[in-house]
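Spelled out from the first residue to the last, the chains are:
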Amino acid sequence: LDHPHYNTEVGRKEWDALPNDEKWANGTLCLSEDGSMVEVHASIDLPPKFQSFLANEEQRQQKFEGGVDDIDTETTNDEIISPPPSQM
C-alpha cells in the first residue's frame, strides 16, 4: 500500500530526512522496487471464527474436487442458510 503522507512532496522530504532506525519502522515501511514510492506493509491476524470458517470452506472445496472423502457433514451450509421446515 502506498504511504498516504510520505508519497507527497512534503512527506517524501520528511521521510528522506528521517534517521534509518525510524525510517523503516521495524520493517513496515519500504521503498518500491524502483525506489519511487514509500510503501506500507502490514498484516493483521484474522479472528478465530474466520480461521475456522476458512478451514471449513477449504474442506468443502476439497470435497467437491474429490479430494476428501471423510468430511464431517453433520452441518452443511444448506442447513445454516435454509429456514426450518416449519417456516417454509
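### Observations concerning the overall build of the protein
Item 1. Along the backbone of the protein there are four helices and two strands.
Item 2. Mapped from its N terminus to its C terminus, the protein presents α and β elements in the order α-α-β-β-α-α.
Item 3. Out of the 88 residues belonging to the protein, those deemed buried represent 12%.
Item 4. Looking at the protein as shown, the accessible area adds up to about 7400 Å², and 52% of this sits on carbon and sulfur atoms.

### Thoughts on helix α3 (residues 48–64)
Item 1. For α3, built from 17 residues, the straight-helix expectation of 24 Å at 1.5 Å per residue is met to within 8% by its first-to-last C-alpha distance of 25 Å.
Item 2. Backbone geometry just after α3 places Gly66 at a positive phi near 85°.

### Remarks on the pattern of salt bridges
Item 1. Throughout the structure, instances matching the rule amount to two salt bridges.
Item 2. When the shortest N-O distance is used, the salt bridge between Glu57 and Arg60 registers 3.1 Å. Taken together, the residues span about one helical turn, with Glu57 and Arg60 both in helix α3 at a distance of three residues.
Item 3. Since its relative accessible area comes to 31%, Arg60 is described here as partly exposed.

### With respect to the packing of aromatic side chains
Item 1. Per the stated rule, a full pass over the model turns up one aromatic pair.
Item 2. When the centroid spacing of 5.1 Å and the interplanar angle of 85° are considered together, the rings of Trp15 and Trp24 count as edge-to-face.
Item 3. A relative accessible area of 1% places Trp15 in the buried class.
Item 4. Judged by its relative accessible area of 33%, Trp24 falls in the partly exposed class.
Item 5. Its guanidinium or amino end placed over the ring of Trp15, Lys23 lies 4.9 Å from that ring's centre, counting from NZ or CZ.
Item 6. Lys63 extends its terminal NZ or CZ atom over the ring of Phe64, reaching a point 5.8 Å from the ring centre.

Rules and cut-offs
- Residues numbered from 1 in each chain as written.
- Predicted model: local features only at pLDDT ≥ 70, side-chain atom pairs only at ≥ 80, totals over all residues.
- Heavy atoms only, no water.
- Helix = DSSP H or I, 4+ residues; strand = E, 2+ residues; numbered from the N terminus.
- Buried < 20%, exposed > 50% of the residue type's maximum accessible area, 1.4 Å probe, protein only.
- Areas by Shrake-Rupley, 256 points an atom, 1.4 Å probe, with all protein chains shown as cover.
- Expected span 1.5 Å × (residues − 1).
- Salt bridge = Lys/Arg side-chain N within 4 Å of Asp/Glu carboxyl O.
- Phe/Tyr/Trp six-rings, centres within 6.5 Å; stacked < 30°, edge-to-face > 60°.
- Lys NZ or Arg CZ within 6 Å of the ring centre and 35° of its normal.

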